[in-house]
Amino acid sequence: MPTVSSATSAISSFASISIPKVRCFDPANSSPVAHQHRRRPMNFNGGSPDSAAANGVAAMANGSPPSISDMKIVTGEAGYVLEDVPHLTDYLPDLPTYPNPLQDNPSYSVVKQYFVNMDDTVAQTIVVQKNSPRGTHFRRAGPRQKVYFESDEVHACIVTCGGLCPGLNTVIREIVCGLHHMYGVSKVLGIEGGYKGFYARNTITLTPKVVNDVHKRGGTILGTSRGGHSTSKIVDSIEDRGINQVYIIGGDGTQRGASVIFEEIRRRGLKVAVIGIPKTIDNDIPVIDKSFGFDTAVEEAQRAINAAHVESESIENGIGLVKLMGRYSGFIAMHATLASRDVDCCLIPESPFYLEGPGGLYEYVERKLKEDGHMVIVIAEGAGQELLSESMRNMQQADASGNKLLNDVGLWISQKIKDHFARTQKLVINLKYIDPTYMIRAVPSNASDNVYCTLLAHSAIHGAMAGYTGFTVGPVNGRHAYIPFYRINETQHKVVITDRMWARLLSSTNQPSFLDLKEVARKKTEEAHQPETSYDQVEAANEVTRKKTEETHQPETPYDQVEAATAKETG
Ligand SMILES: Nc1ncnc2c1ncn2[C@@H]1O[C@H](COP(=O)(O)OP(=O)(O)O)[C@@H](O)[C@H]1O
Ligand SMILES: O=P(O)(O)OC[C@H]1O[C@](O)(COP(=O)(O)O)[C@@H](O)[C@@H]1O
Ligand SMILES: [Mg+2]
């Protein structure tokens, strides 16, 4: 571990700096080696582009895990593991340091413990038993006593990529203002239109004045895009423009892109810090507690759910159906449902459902309408996609970033429910379908997200100024931490339907758990039922495909699927 100078400052938190008993994991012999960080071999000049792609983190972006030599793993006593983030001195060992200008900042000088301890880390697991190992930790975010950039040397840039999310403008604002007010940095460039903006000519000069009011607006003042990531062109542009701090705001795809940019910068031996700020309205980024904009999205979704409730209540056998975002993770739908209490059924990608037969959706809708005369259904956009046949899928299979394009499950299920009741003639229903997805995504962030965005931006700035690089910032169990890219990129955060939160939802809505799915599928095939409408044909064809897939590839029940995923994650 680097030692810390004993230089005192008015606002130092270093009452005493302890050198932790850390050991570095030596992958060669699996034995701990005291006080050494393992470093990957560096190739500063003239390395072939292939050498960057050959390393683990770059490989991670393409789906394979990083090699152990790319990880900075520090182990301690009682099963303590620090998954540390890269530092500029890993490959530029002789960089000079400077006192942190916050020492002389009147706003911060009153804070007694402003600087974080060098050895502060944040535990990933906080619920433990007496004898359980202390487990994985991440480096705590926050200002350090020493910085690796002088204020007038910093030339930062900010880019926003991927889909919109409430709070993007707040993060931009807070990076610009934070750099300016805390560290005296005045050179900040906005890259327009996502990654491809790096190799376009136009940029925006960002000053506290320019960004002063932007947090009141939805969207991103910088613009965004999907696709168009060319690592070498981006890094050429960073080098050509003399940028030395790159703040990259975006979701899982963006963080993968940031990871390969970092790798290329390290390969070229540049003094450039690369910082990822996780953005996703879907809340599907792992490790962090939640992503910014998520609270706002849940809050805004209430308006649509309220409207659906009012509509459904006002008419006989009214059904209000609301589609919410959530490609692979149903967090918005789950939280919006729990918050609203007006929802009778919530369908998410993690919990496969079925329509016909005992325990199916039709039976439940019928019962609910008979009991209450109305009902509200919330469906996440990624739910039930396996029920839509190939023929119904988008002609265009993927967006520019390679994300699979989803069919409108809201429209599909509305039609299915209408068809079902028209066919069975049991009830005359009135279904109103509301799709507020893009309206929700486009609103400005709410108060709590605004504060969260400020903390994210400040943590990112402190990390960059302290020389850390190649990391994503975010709260882990309530404390902001620096997380290596590979941890963010290895999995997706999903609703665990064996968790108590989903049980709370089931008990709040009283909806079926759809766990008899396989049994029903089998019966249905046996009955060799003749479909009546195009949607039925789709469904019948799909049942066969689904059954085949389930039997050959999938674990047996949704619970098994979750357990298999969990075992993979923890194992
Ligand atoms: N594996 C990857 N390697 C490099 N860049 C990527 C990768 N995946 C996505 N990107 C880039 O990241 C940007 C945003 O990705 P996208 O998936 O659209 O949104 P999000 O970051 O919100 O998930 C796009 O410009 C895309 O080209
Ligand atoms: O903006 P697009 O291309 O229409 O994509 C919509 C998708 O974007 C999201 O809002 C967010 O996805 P990302 O975080 O990957 O950008 C998804 O919920 C939704 O499926
Ligand atoms: Mg994404």
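This one's a predicted model, so the numbers in the text were calculated from it and none came from an experiment. (Residues numbered from 1 in each chain as written. Chains lettered and ligands numbered in written order. Predicted model: local features only at pLDDT ≥ 70, side-chain atom pairs only at ≥ 80, totals over all residues. Heavy atoms only, no water.)

A. Up close: the overall build of the chain. A tally of helices and strands in the chain yields 18 helices and 19 strands. Buried positions account for 54% of the 571 residues belonging to the chain. Sequence-distant contacts in the chain: of pairs separated by 6 or more residues, those separated by 24 or more amount to 77%. Of the roughly 24,600 Å² that the chain leaves accessible, carbon and sulfur atoms contribute 50%. (Helix = DSSP H or I, 4+ residues; strand = E, 2+ residues; numbered from the N terminus. Buried < 20%, exposed > 50% of the residue type's maximum accessible area, 1.4 Å probe, protein only. Contact = heavy atoms within 4.5 Å. Areas by Shrake-Rupley, 256 points an atom, 1.4 Å probe, with all protein chains shown as cover.)

B. Just the site of ligand 1, in detail. Lining the immediate surroundings of ligand 1 are 17 residues, of which Gly227, Asp252, Thr254, Lys279 and Ser401 lie closest. Aspartate 252 is positioned with one of its side-chain polar atoms (N or O) 2.5 Å from an oxygen atom of ligand 1. At a separation of 3.0 Å, an oxygen atom of ligand 1 approaches a polar side-chain atom of asparagine 403. Here the shell around ligand 1 is built from residues that sort into three nonpolar, ten polar and four charged. (Near = heavy atom within 4 Å. Polar contact = N/O pair within 3.5 Å; in protein donor to acceptor, adjacent residues only side chain to side chain. Nonpolar A, V, L, I, M, F, W, Y, C, P; charged D, E, K, R; others polar.)

C. Spatial organisation of the sheet that holds strand β16 (residues 374-380). Here four strands make up an open sheet; going across it, the order is β15-β16-β14-β17 and the pairing parallel. The open sheet has two edge strands with one neighbour each: β15 (345-347) and β17 (430-434). Here the strands of the sheet are splayed against their neighbours by 15° on average, with no regard to which way each runs. Alignment of strand β14 (residues 318-324) against β16, held across seven bridges, turns out to be parallel. Bridge pairing links leucine 324 to alanine 380 in β16. (Pairing = 2+ DSSP bridges. Axes fitted to C-alpha atoms, helices over the stretch in contact; angles between N-to-C directions.)

D. Quick look at helix α11 (residues 409-424). Between the first and last C-alpha of α11 there are 22 Å, a value that for 16 residues agrees with the 22 Å anticipated at 1.5 Å per step. Those residues of α11 that fall on the buried side of the exposure criterion are Val409, Gly410, Trp412, Ile413, Ser414, Lys416, Ile417, Asp419, His420 and Phe421. For α11, the N-terminal cap is aspartate 408; the gap from its side-chain oxygen to the backbone nitrogen of glycine 410 is 2.9 Å. Once α11 ends, the next one or two residues include glutamine 425, with phi positive near 55°. (Expected span 1.5 Å × (residues − 1).)

E. View of the packing of helix α8 (residues 294-313) against helix α9 (residues 331-340). In the contact formed by α8 and α9, the axes pass within 9 Å of each other and the chain directions differ by 60°. Taken together, the axis directions place α8 and α9 in an arrangement best described as oblique. Considering only the axes of α8 and α9, their crossing is right-handed. Each of Phe294, Ala297, Val298, Ala301, Gln302 and Ile305 in α8 lies in contact with α9, whose residues at this interface are Phe331, Ile332, His335, Ala336, Ala339 and Ser340. Split by residue class, the contact of α8 with α9 holds nine nonpolar, three polar and no charged. (Parallel < 35°, antiparallel > 145°, perpendicular 65-115°, else oblique. Left-handed = near helix turned anticlockwise from the far one by under 90°.)

F. Looking closely at the site of ligand 2. By nearness alone, 13 residues border ligand 2, and Gly163, Asp282, Glu381, Tyr438 and Arg441 come closest of all. In the environment of ligand 2, an oxygen atom lies 2.9 Å from a nitrogen or oxygen atom belonging to the side chain of arginine 226. At 3.0 Å from an oxygen atom of ligand 2 is found a side-chain nitrogen or oxygen belonging to lysine 279. Its residues placed into classes, the shell around ligand 2 shows three nonpolar, four polar and six charged. Of the domains in this structure, domain 1 (4-31 + 49-287 + 446-489) and domain 2 (294-443 + 495-522) are the two that each give at least three residues to the shell around ligand 2. (Domains from an automatic or database assignment.)

G. Fine view of the domain arrangement of the chain. Each assigned domain of the chain is listed with its residue range as follows: domain 1 (4-31 + 49-287 + 446-489) and domain 2 (294-443 + 495-522). Tallying the contact residues gives 15 residues for domain 1 and 19 residues for domain 2. Between domain 1 and domain 2, roughly 1,500 Å² of surface is buried when both sides are summed, and carbon and sulfur atoms account for 48% of that area. It is Arg226, Ile281 and Asp282 that lose the most area in domain 1 upon contact with domain 2, and together they represent 39% of the buried surface on that side. Across the domain 1-domain 2 interface, the total number found is one salt bridge. Across the pair aspartate 399 and arginine 226 runs a salt bridge whose closest N-O atoms are separated by 3.5 Å. In the side of domain 1 that touches domain 2, the residues fall into four nonpolar, seven polar and four charged. (Buried area = accessible area lost by both parts, 1.4 Å probe. Salt bridge = Lys/Arg side-chain N within 4 Å of Asp/Glu carboxyl O.)

H. Spotlight on the pattern of salt bridges. Within the structure shown, the criterion is met by 24 salt bridges. Here arginine 266 and glutamate 263 are joined by a salt bridge, their closest N and O atoms 3.0 Å apart. Within this pair, arginine 266 and its partner glutamate 263 are both found in helix α7 (residues 252-268), separated by three residues, close to a single helical turn. By relative accessible area, which is 6% here, arginine 266 ends up buried. The network of salt bridges with common partners includes Asp236, Glu239, Glu264, Arg267 and Arg268.

I. How the structure looks around the environment of alanine 297. Secondary-structure assignment places alanine 297 in helix α8. Setting aside residues no more than four positions away along its own chain, alanine 297 makes contact with Ile281, Ile332 and Ile440.

J. Here's a closer look at the environment of valine 159. Here valine 159 is to be found in strand β9 (residues 156-160). Contact partners of valine 159, with chain neighbours within four places excluded, come to Ile191, Gly194, Tyr195, Phe198, Leu222, Tyr247, Ile248 and Ile249.

K. Examining helix α6 (residues 231-241) more closely. Within α6, the full set of buried residues consists of Ile234, Val235, Ser237 and Ile238. The arc that holds every buried residue of α6, seen down its axis, measures 155°, which confines them to one face. Packing partners of the buried residues in α6 comprise β12 (245-250) and α7. Looking one or two residues beyond α6, the residue adopting positive phi is glycine 242, at roughly 70°. (Arc of directions from axis to C-beta.)

L. Layout of the UniProt feature "active site" (unreviewed entry) in the chain. This chain's UniProt record puts "active site" (unreviewed entry) on Asp282. Along the chain, aspartate 282 turns up in the loop between β13 (273-278) and α8. (UniProt positions renumbered as here; feature names shortened; annotations may be inferred.)

M. Examining the nonpolar core more closely. If you look at the biggest cluster of nonpolar residues, it comprises 110 residues, and the most contacted ones within it are Ile158, Ile175, Tyr247, Ile277 and Phe292. When residues of this core are assigned to their parent elements, the largest contribution, nine residues, is made by helix α4 (residues 168-183). For this core, the two domains that each supply at least three residues are domain 1 (4-31 + 49-287 + 446-489) and domain 2 (294-443 + 495-522). Not counting chain neighbours up to four residues away, the residues in contact with isoleucine 175 comprise Ile158, Tyr247, Ile249, Ile277, Ala457 and Ile461. One finds Leu321, Tyr362, Tyr364 and Leu369 within the second-largest nonpolar core, a separate group that totals 27 residues. (Core = buried A, V, L, I, M, F, W, Y, C linked by side-chain atoms within 4.5 Å.)

N. Structural detail: the side chain of glutamate 366. Here glutamate 366 is to be found in helix α10 (residues 361-372). Using a relative accessible area of 11% as the deciding quantity, one classes glutamate 366 as buried. Engagement of the side chain of glutamate 366 in a polar contact is seen with the side chain of lysine 426, the distance being 3.5 Å. Beyond its immediate sequence surroundings of up to four residues, glutamate 366 is in contact with His420, Phe421, Lys426 and Leu427.

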